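Chains, contacts and geometry: an overview
Spelled out, the chains give:
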Amino acid sequence: MSETMIEVRDLDVVFDRGSPQENHVVRSVSFQAAKGETLGIVGESGCGKSTVLRCIAGLESHWSGEIHLAGRLVGKERSRDELKSAQMVFQDPYGSLHPRHRIGMALAEPHRAMGIGEGWNAVAGALTQVGLPADFANRFPHELSGGQRQRVAIARALMLSPPILLLDEPTSALDVSVQAEVLNLMCDLRDERTLTLLLVSHDLAVIGHMCDRVLVMKEGVFVDELTKDDIRFGRTHHEYSATLFEASLLGDDAPDAMARGAEAGFGS
Amino acid sequence: MTEMPVETVRAPRSAAAFRAIGTLFRIGREMTREPLGFAGCIVLAIIIIVAALASVIAPYPPNVQSLGEVLQPPSWAHWAGTDEFGRDILSRLMFGAQITIRTVFSVCIIIGPIGLAIGVIAGFFGGRIDAVLMRATDIVLSFPALVLALGFAAAMGAGLNTAVIAISLTSWPPIARLARAEALVVRRTDYVAAARLYGASRMRLLFLYIAPMCIPSVIVRLTLNMATITLTAASLGFLGLGAQPPAPEWGAMIASGRKFMLDYWWVAVMPGIAILLTSLAFNIIGDAMRDILDPRYDRS
């Protein structure tokens with residue numbers, strides 16, 4: 001756990017700079033994640049957590065600061081080589097697959113777009129790896145369930161064998177019964193390939209299940225950092241994280257989190 | 001979870017062909033559930049078949065004058081009567097259908113790709129390219145189509161080809177605007193973001209990701225446009241700027257029948273009915289296609 005895979009320094013994001021609607025979304029945040037680590041970012045909607053992820057992925061251009069991926073400083077326009085170091089899984093499995101591309105095409109496209117072969121040979125293996133039958137390659141996304149689509153999206157993100165996987169609320173659009181399956185799949189893949197995961201979520205149960213370390217974000221800054229044990233025992237160092245914890249216990253239907261809360265004697 | 005033969009995963013090209021045929025079948029099947037659209041399809045099919053087989057099934061040659069039987073009313077010998085030169089109007093209408101169908105489809109083949117390309121490029125690249133292309137579109141859009149077509153046909157010399165070019169020049173802007181609106185939506189989707197992350201080039205995004213999503217609405221719009229194109233073509237013919245006599249262009253036939261309209265109504269009315277039926281058929285089919293292809297107009 002020594003090699004730093006993601007390093008972000010003084011990341012600042014301002015949308016519509018100079019206009020009356022200037023929106024300072026992310027305020028000078030810094031963090032790093034080691035190889036094989038799963039780092040979570042948690043916070044309410046609109047706190048800037050997804051924006052941080054999109055900046056790291058290279059989808060935003062309104063940021064300043066420094067982003068290092070796999071030890072390399074990357075800019076706003078990424079070269080193909082730089083893109084290969086981090087891939088992203090999106091929140092909405094219904095919007096992240098092209099509706100007119102068959103699954104096989106969706107999975108072959110990363111190779112074809114990168115110009116590293118036709119990619120068709122890798123499709124069957126990629127599907128099997130995420131627990132889907134290989135003949136799904138001939139289906140269209142609308143013939144798959146949400147969970148299956150998200151598995152395809154994960155398989156696609158892994159097609160280029162990136163060392164870093166960015167996950168933007170990967171389970172929030174899924175049925176509760178499917179969430180655990182998808183999370184376990186990502187855990188298995190992470191262990192198998194020593195992936196570094198950066199997981200954004202507002203669901204503390206998901207974060208607690210997956211992450212080694214969690215950053216709590218509020219209004220564009222990190223207000224707290226929690227370890228896995230902190231989450232387990234409900235230890236917080238900032239009142240906002242305490243509020244988040246309470247909210248997740250009060251409104252949470254996941255028995256898993258309830259049990260953890262009871263075990264920690266939290267909220268009683 | 002058996003090992004997959006590579007061939008079944010591959011073959012995206014033949015799959016695409018199958019898919020296109022499948023889509024056509026689906027449209028056809030849904031069309032049968034749409035009585036009005038189906039009727040429009042049948043009318044249009046008859047017009048196209050008649051146009052294709054005009055030289056075989058037309059009872060008389062279209063341009064041979066027979067001064068012994070001028071301006072005869074509809075009868076068993078001449079179902080739609082004869083005109084001032086004794087030519088059988090029904091036969092002329094059949095050959096005229098060729099001209100109309102050819103005009104309509106040539107215009108569509110020209111404006112479909114042009115409108116799609118301009119709209120998709122403007123919507124996808126945005127910024128200055130978008131501004132330039134859309135202002136150009138606005139300029140063309142601000143001309144009354146018929147007047148611009150008239151001016152163009154007058155400048156280039158009358159004829160069927162100039163009519164096609166003139167109509168094409170004025171009818172691509174709505175297609176371009178439509179395609180741009182679609183492209184603006186599609187370029188913000190997650191699947192395009194994902195494609196950018198795996199290094200898809202701009203051309204790749206444009207052709208493989210964005211354009212395919214814009215095609216259905218462009219096709220619907222084109223079908224609806226066909227009615228307008230039929231009418232514009234006939235109007236140009238009527239004004240003497242389309243196909244030239246003795247070509248049996250429907251608009252030109254009305255123009256020549258105008259002189260005898262009060263005493264010999266069929267000379268002008270028969271081509272009028274042909275124009276009406278054709279543009280009505282295109283309109284109805286366009287509406288039905290919109291219902292089938294565009295989920296936003298879904299009938300609940």
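Analysis parameters
Residues numbered from 1 in each chain as written. Chains lettered and ligands numbered in written order. Predicted model: local features only at pLDDT ≥ 70, side-chain atom pairs only at ≥ 80, totals over all residues. Heavy atoms only, no water. UniProt positions renumbered as here; feature names shortened; annotations may be inferred. Phe/Tyr/Trp six-rings, centres within 6.5 Å; stacked < 30°, edge-to-face > 60°. Buried < 20%, exposed > 50% of the residue type's maximum accessible area, 1.4 Å probe, protein only. Lys NZ or Arg CZ within 6 Å of the ring centre and 35° of its normal. Contact = heavy atoms within 4.5 Å. Buried area = accessible area lost by both parts, 1.4 Å probe. Salt bridge = Lys/Arg side-chain N within 4 Å of Asp/Glu carboxyl O. Polar contact = N/O pair within 3.5 Å; in protein donor to acceptor, adjacent residues only side chain to side chain. Helix = DSSP H or I, 4+ residues; strand = E, 2+ residues; numbered from the N terminus. Nonpolar A, V, L, I, M, F, W, Y, C, P; charged D, E, K, R; others polar. Pairing = 2+ DSSP bridges. Domains from an automatic or database assignment.

In the annotation of an unreviewed UniProt entry, the entry for chain B reads Peptide/nickel transport system permease protein, and the organism field reads Consotaella salsifontis. Quoted verbatim from the Sequence similarities (unreviewed entry) field of the UniProt record, the comment on chain B reads "Belongs to the binding-protein-dependent transport system permease family." Looking at the Subcellular location (unreviewed entry) heading of the UniProt record, one finds this comment for chain B: "Cell membrane".

Going by what an unreviewed UniProt entry lists, chain A is known as Glutathione import ATP-binding protein GsiA and is assigned to Consotaella salsifontis. Per UniProt, chain A carries the Subunit (unreviewed entry) text "The complex is composed of two ATP-binding proteins (GsiA), two transmembrane proteins (GsiC and GsiD) and a solute-binding protein (GsiB)." Database annotation for chain A, UniProt heading Sequence similarities (unreviewed entry): "Belongs to the ABC transporter superfamily. Glutathione importer (TC 3.A.1.5.11) family."

1. Details of the packing of aromatic side chains
All told, the structure shown has six aromatic pairs over all chains when counted by the stated rule. Summarising the aromatic geometry, the rings of Trp265 of chain B and Trp266 of chain B are spaced 5.7 Å apart at their centres and angled 85° between planes, so their arrangement reads as edge-to-face. We classify Trp265 of chain B as partly exposed; its relative accessible area is 43%. By relative accessible area, which is 6% here, Trp266 of chain B ends up buried. A cation sits over an aromatic face here: Arg139 of chain A above Phe136 of chain A, 4.2 Å from the ring centre.

2. Remarks on the interface of chain A and chain B
On the side of chain B, 26 residues touch chain A, which itself brings 38 residues to the contact. Both sides together, the interface formed by chain A and chain B hides about 2800 Å², and carbon and sulfur atoms give 63% of it. Three residues stand out in chain A for area buried against chain B, namely His98, Arg100 and Trp120 of chain A, and they jointly supply 20% of the buried area on that side. The tally of links between chain A and chain B comes to one salt bridge. Between Arg204 of chain B and Glu109 of chain A there is a salt bridge, and its shortest N-O distance comes to 2.8 Å. Applying the counting criterion to the chain A and chain B interface returns seven residue pairs in polar contact (both at pLDDT 80 or more). Contributions of two or more residues to the side of chain A that touches chain B are made by helix H2 (80-83), strand E6 (86-89), helix H3 (103-114) and helix H4 (120-129) of chain A. Grouping the constituent residues of the side of chain A that touches chain B by class yields 20 nonpolar, ten polar and eight charged.

3. Description of the pairing of strand E1 (residues 4-15) of chain A
All names here are of chain A. Bridge analysis of E1 against strand E2 (residues 23-34) gives eight bridges, and the strand direction is antiparallel. Within E2, the position partnered with Glu7 by the bridge is Gln32. As paired elements, E1 and strand E4 (residues 63-69) share six bridges and run antiparallel to each other. Residue Val13 lies in a different strand from E4, and its bridge partner there is Trp63.

4. Some words on helix H10 (residues 190-197) of chain B
Counted residue by residue, H10 of chain B has six buried out of eight residues, so it is predominantly covered. The set of residues buried in H10 of chain B consists of Tyr191, Val192, Ala193, Ala194, Ala195 and Leu197 of chain B. Buried residues along H10 of chain B sit against helix H1 (49-57), H2, E6 and helix H5 (146-158) of chain A together with helix H9 (173-186) and helix H11 (202-238) of chain B. Note on H10 of chain B: the residue one or two positions beyond its end, Gly199 of chain B, has a positive phi of about 80°.

5. Digging into the domain arrangement of chain A
All names here are of chain A. With domains assigned, chain A is organised as domain 1 (4-85 + 164-264) and domain 2 (94-161). Relative placement of domain 1 and domain 2: their C-alpha centres are 25 Å apart. Here domain 1 packs against domain 2, burying approximately 1300 Å² in sum over the two surfaces, 67% of which is carbon and sulfur. Contact with domain 2 buries surface across domain 1, with Lys84, Leu185 and Arg193 losing the most and accounting together for 38% of the total. A salt bridge links Glu181 to Arg151; the shortest N-O distance between them is 3.1 Å. Connecting domain 1 to domain 2 are three residue pairs in polar contact (both at pLDDT 80 or more). Listing elements by their share of the side of domain 1 that touches domain 2, those giving two or more residues are H2 and helix H6 (176-193). Per-element accounting of the side of domain 1 that touches domain 2 gives the leading share, eight residues, to H6. A breakdown of the residues in the side of domain 1 that touches domain 2 according to their chemical character gives ten nonpolar, no polar and five charged.

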